[in-house]
Every structure is written in structure tokens, then in C-alpha cells.
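What follows is the residue order along each chain.
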Amino acid sequence: MKRGEAQQTLAAINRWWRDPEGWTARDPDLREMERAPFRYQADVLADLIPGGLYILRGPRRVGKTVAVKSAIRDLAASGVAPRCIVHMAMDGLRSRDLGLLVDAADGLMPADGHRYWFIDEITGITDGWPERVKWLRDNDARFRTDTVVLTGSSAAGLTQATKALAGRRGEARAPDRVLLPMGFRSFARLVSGATALEQSALKPYRVADLTHGELRQVLPELAPWQDLLIRAWETYLGCGGFPAAVAQHVATRSEPSALRRSLVDVIHGDAFRRADWSQTQSTDLLRRLSANVCSPLNIASLANDTGVAQATLKRRLDELREAFVVWPCYREDNLRPKLGAQPKLYFMDPIYANLTLDSERVAPRTHLDFSRLSQQQLGLALLRAIERDAPGTLVGHDQVLHHRTASRKEIDFVGPQFGGAAFESKYVDGGWRREALTLKASRWQGVVATRSESDLSDPEVAAVPTALLAWLLDS
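Worth saying up front: this structure is predicted, and the values here are computed from it rather than measured.

Parameters and conventions
- Residues numbered from 1 in each chain as written.
- Predicted model: local features only at pLDDT ≥ 70, side-chain atom pairs only at ≥ 80, totals over all residues.
- Heavy atoms only, no water.
- Helix = DSSP H or I, 4+ residues; strand = E, 2+ residues; numbered from the N terminus.
- Rg over C-alpha atoms; globule rule 2.2 N^0.38 Å.
- Buried < 20%, exposed > 50% of the residue type's maximum accessible area, 1.4 Å probe, protein only.
- Contact = heavy atoms within 4.5 Å.
- Areas by Shrake-Rupley, 256 points an atom, 1.4 Å probe, with all protein chains shown as cover.
- Lys, Arg positive; Asp, Glu negative; His and termini not counted.
- Charge placed at Lys NZ, Arg CZ, Asp CG, Glu CD.
- Pairing = 2+ DSSP bridges.
- Axes fitted to C-alpha atoms, helices over the stretch in contact; angles between N-to-C directions.
- 1 Å grid on protein atoms, 1.4 Å probe; cavity = no way out; pocket = protein on both sides within 12 Å on 5 of 7 lines; lining within 4 Å.
- Points joined across faces, edges and corners; volume = space filled by probe spheres on them.
- Nonpolar A, V, L, I, M, F, W, Y, C, P; charged D, E, K, R; others polar.
- Core = buried A, V, L, I, M, F, W, Y, C linked by side-chain atoms within 4.5 Å.
- Parallel < 35°, antiparallel > 145°, perpendicular 65-115°, else oblique.
- pLDDT = per-residue confidence, 0-100.
- Phe/Tyr/Trp six-rings, centres within 6.5 Å; stacked < 30°, edge-to-face > 60°.

(A) Highlighting the overall build of the protein chain. Within the protein chain, the secondary structure is distributed over 21 helices and 12 strands. Relative to its length of 475 residues, the protein chain is compact, with a C-alpha radius of gyration of 23 Å against a globular reference of 23 Å. Projected onto its principal axes, the C-alpha positions of the protein chain cover 70 × 55 × 45 Å. Scored against the burial criterion, the 475 residues of the protein chain give a buried share of 53%. Sequence separation of at least 24 residues holds for 71% of the intrachain contacts in the protein chain that already meet a minimum separation of 6. Of the roughly 20300 Å² of accessible surface on the protein chain, 47% is carried by carbon and sulfur atoms. Each charge sign in the protein chain was given a centre, from 63 positive and 58 negative side chains, and these centres are 2 Å apart.

(B) Representation of the sheet that holds strand S5 (residues 176–178) in the model. The five strands lie next to each other as S2-S3-S4-S1-S5, forming an open sheet whose pairing is parallel. Unpaired on one side and paired on the other, strand S2 (85–89) and S5 mark the two borders of the sheet. Going from strand to strand, the sheet's axes swing by 15 degrees on average, the running direction of each strand aside. Where strand S3 (residues 116–120) meets strand S4 (residues 147–152), four bridges bridge the pair, whose relative direction is parallel. The residue of S4 that forms the bridge with Tyr116 is Thr147. The strands touched by helix H6 (residues 129–139) within the sheet are strand S1 (53–57) and S4, with S1 carrying the most contacts at an inclination of about 160 degrees.

(C) Molecular detail of the environment of Met90. Its location among the elements puts Met90 in the loop between S2 and helix H5 (95–106). Residue class for Met90 comes out buried when judged on its relative accessible area of 0%. Along the sequence, Met90 and Asp103 sit 13 residues apart, while their C-alpha atoms lie 15 Å from each other. With near-sequence residues (within four places) excluded, Met90 lies in contact with Asp97, Leu98, Leu101, Ile119, Asp120, Glu121, Ile122 and Ile125.

(D) Seen up close, empty space enclosed by the protein. Within this structure, the stated rule accounts for two cavities of 30 Å³ or more. In this structure, the largest cavity spans a volume of roughly 80 Å³. If you go around the largest cavity, the residues you meet are Pro59, Arg60, Ser153, Leu263, Val266, Ile267, Asp270, Ala271, Ala323, Val325 and Tyr352. Top element by residues in the lining of the largest cavity is helix H14 (residues 257–271). It accounts for five residues. Along the lines of polarity and charge, the residues of the lining of the largest cavity split into eight nonpolar, one polar and two charged.

(E) Structural detail: the layout of surface pockets. What the largest pocket holds in volume is close to 800 Å³. Around the largest pocket sit 33 residues that line it, and Arg61, Val62, Gly63, Lys64 and Val66 are the ones nearest its centre. Of the residues that constitute the lining of the largest pocket, the class distribution is 17 nonpolar, seven polar and nine charged. As a volume, the second largest pocket reaches approximately 610 Å³. Lining the second largest pocket are 20 residues, with Asp43, Val44, Val178, Arg388 and Ser475 positioned closest to its centre. Elements with a contribution of two residues or more to the lining of the second largest pocket: S5, helix H9 (184–192) and helix H19 (370–389). With three residues, the top contributor of residues to the lining of the second largest pocket is H19.

(F) Fine view of the nonpolar core. Counting 144 residues, the largest nonpolar core has Met88, Leu98, Trp117, Phe118, Phe184, Leu320 and Phe413 as the members making the most contacts within it. Counting residues per element, this core draws most heavily on helix H12 (residues 226–239), at eight residues.

(G) Fine view of helix H13 (residues 243–252). All of the buried residues along H13 are Ala245, Val246, Ala247 and His249. Where the residues of H13 are buried, they touch H9, H12 and H14. Phi turns positive one or two residues past the end of H13, at Arg253, with a value near 60 degrees.

(H) Fine view of the pairing of S4. A large share of S4 lies buried, amounting to six of its six residues. Burial along S4 is two-sided: the face carrying Thr147, Val149 and Thr151 and the face carrying Val148, Leu150 and Gly152 are both buried. Looking at chain direction, S1 and S4 are connected through five bridges and run parallel. Counterpart to Ile55 in the pairing with S4 is Leu150.

(I) How the structure looks around the packing of helix H11 (residues 212–222) against helix H21 (residues 466–473). Following both chains from N to C, one finds H11 and H21 inclined at 110 degrees, their axes separated by 11 Å at the closest point. Considering the angle they form, H11 stands roughly perpendicular to H21. On H21, the residues touching Leu215, Val218, Leu219 and Leu222 of H11 are Leu468, Trp471 and Leu472.

(J) Up close: the pairing of strand S12 (residues 461–465). Burial runs high along S12: five of the five residues are buried. Of the two faces of S12, both are covered, the one formed by Val461, Ala463 and Pro465 as well as the one formed by Ala462 and Val464. Sheet topology places strand S11 (residues 445–450) next to S12; five bridges connect them, and they run parallel. Directly across from Val447, in S12, lies its bridge partner Ala462.

(K) Summary view of the confidence of the model for the protein chain. Here the protein chain averages 90 in pLDDT, and 95% of its residues register 70 or above. Below pLDDT 50 for its whole length, residues 359–366 participates in 10 contacts with residues either more than four positions away or in separate chains.

(L) Here's a closer look at the packing of aromatic side chains. Going through the model one piece at a time under the given rule, you end up with 10 aromatic pairs. Between Trp233 and Tyr236, the ring centres sit 5.8 Å apart and the planes meet at 45 degrees, which makes this aromatic pair tilted. Separated by three residues within a single helix, Trp233 and Tyr236 lie in helix H12, roughly one turn from each other. Accessibility assignment for this pair places Trp233 and Tyr236 in one class, buried. Between Phe418 and Phe423, the aromatic rings sit 5.7 Å apart at their centres with planes inclined by 85 degrees, giving edge-to-face as the arrangement. Taken together, Phe184, Phe187, Trp233 and Tyr236 form an aromatic cluster joined through their ring pairs.

Set out below in C-alpha cells:
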């Protein structure tokens, strides 16, 4: 790519440069958002500090580009000069192309004024993008003080990137951010019509603040909506939180078959792009992981079942984790992850657990394993609550863990930021008290996440419907 070609590309992409008022009506990403049958906008880039350098990660198709375009629209509306805002996509380019694009854009931007750079899919660069950004922050006096947002669909190299960029991120608060599929509270608002509940004074809770005493106070306020929230929860377990899937459900109540196929293609062609695997092998691995989603993962057994070497399988699982398809729930050891023990692997969204299902041949909802999916999504609600309080911690995989007792029984979720609580998923209408015995024998105050039963009579273990618990925790 030559400098002139780069400038021509930038002028074509950055439509607000030539049409500050009308570009949003013609932008395909914002137009698709406007056509959705609801209003939903992730506020993950709503509080940018001038001079900060941010990294925004998340799975493909989750809406990172829409978040970027929305931030650009809001900056322009606030009075930032349009040509002081630049957006560039890095998919398929190399680190030297980044330097060329920055130089090319510099020649088209005003000589004065604070600038904003939105550099999309920078993790598509595989030959050292952190070093290139570091060089620009160190050697370009103006770029050093600009606001920079880097987005990517892979967690690979995050630790190395943050180390390389240490001291070069300005005054940014929470500079490492993750955009996940829609949380349950947002989903329930869009699909259930619980406007009175949404307008209540109950804000999302920190995990540590959701004590038994607090539950006694707030559960009566949610009781009138319990049936509505349970129906919304079970819909959520089938639909998931990808905006495209939610939009299709709201508009037609149909399953997102096209999105499923697209995500399979993304996993096979993007997450596994370095693998010499067939798509059949990719879908077979996803199917086996889905069947195993709530159990500790036996790498040797899974490698044998899939017919690959253990080292190869570990690479594939690492690629799924880096692509935000799965997250590991490690066994805890003094509330720290025991990395040598078998982790549980949960999916980042219900749609991943159902990717290999042919929804045209299966009756709607009959294929859903509510028990497994509910456990997965409870863990994700806890994970999201921790991430909301401390952005960027999600990728460390050390905040939501599971516990194994001396008698080899398990408690589903514990964590260092849980305030002494432990959570056990038992998605039934009754018969949860046996699980309560394991919690009562532990050092934690227990919460059993049931389907519909509430019981706060025991000071050591509370039973709470999962839908209510997720609504209180999630956003």
C-alpha cells in the first residue's frame, strides 16, 4: 500500500469528514442498528478520557464496530472537528501498514486540535502491533497525546501488549475493556416488557453486596415479576445476547440460523485459521465441548475422542479462549486458580453451545438443556458483574472459580471478590436441599440458584430463582 492509496481509502471510510451531518444515515453499521426492533447501545466507549489509550476486545459479531461508530457519532455531536476523528480497519494488514496509515491520516487531519483514533481489529495484525503502537506513542509527539482506541476479537498477546504499552496509556480509567453479548437485565427489558421493573430503584449489584440480608430485602420487590423473569431467562438461554440474535427473536420469534452458521465460519476460519483442520473437525469439537460444558475438562480423554494429539487440542482450546468463544472456570486453591487442575470450559453465550444444532430440524426449545445452560449463564452473570466493577479483569480468568471438596463434591462458583459467598446452580423447582448440604459444610455463605423456589429461612444457605439472581447481578 502506498501513501496516496492509503489516503484514498481513509477518505472513503471516514464519511463524516465530508458529510458531518448526514453520514450516520448512510453508514451500514449504524443503519442496521437503527433498523433493529429495539434501542440498545453498549456504553463501553462512553467515557473516553482525552489522551487515553484503550484496548477493546470481544467476540466477532458482538458489536464492537457499532460501539466505535456510535462513539464517533457522539464525539462529532459534542463539537469535535470531524477530521480530528479517524477510523481505520486493520484486518489482513501488517504492523508496517499501521505506521503508513497513521502517517497518511496525519496528512489529511487538521494541524491543530485533539485527535481521536479508532483502529479496528488490530489483533488481525500478527507481526507485532504492540511494538508499533509503542513506537508511535514514543516518537510521534502528537500521537503521544491523542486518544486512541484499539479493538480486536482476540485476547492473544494481551498481557504482552499491556506490558509493552505500560506508561503510554495516558490518564485512561479502565483502559482494558471487554464487550460481551447482551446481559440478562438488558435482554429482559427488550423482550419481556417489564418497564415498571426496569424503572425501579434496584440497580445491578456487586457480587459481594448481594448478601443474605440484602436478598431478604430485595426479593419481595421482584416477586411480582418472578414469572415474567423466569420466562425471559429461559428465552435468554435459547436466544443468547448477540444483538443480531435478539433482534431476530424480537422481530420474528425465530432462531438465528444464519448467525449460527456465520459464527461457525468465524471459528473455523478465524479462531482456527492457523490449524490444518476441516470444518467437520471444528464442529465436532464444539459439539463435544457443549456436551461437557458443566464438567471439568479431561484433555487426554477429549484428545482421544477427537483423534488428535493433546498438544494440538490444547492449542485449539487456547484459540477458542482467545477468540472469546469459551472461558475457563478453574478450580480454586485459596481463591486462586489452580492452573494444573482440570478447568471447566463454559461458552461466552448460549448461541455457542447450540452452534452445531440444526434448528430447522429440531423443534424450537426442545433441544435446550436448561440445567447446563442456566449454570453457564449464572457463571457468566457473575463474571460480568466483576468485569463491570473492574473492567479488564475478565481476561485474567481468576475471578470466577469452582471448588472441589475433600470428598470430591463440587461447588459451582466461588471467587475472591464474592464477599464470602458461594453459588451452586440447581435449576429445579424443588429437590435442591442436597446441594445445600455441601454449601453448609463449606466455609462460604451459600446461594442455591433454583428454577422457581425461594427459601431464605436458613441463615447459611439461601435458595433464589436463577432469573432473579441474574437480573440483580447482570446489566
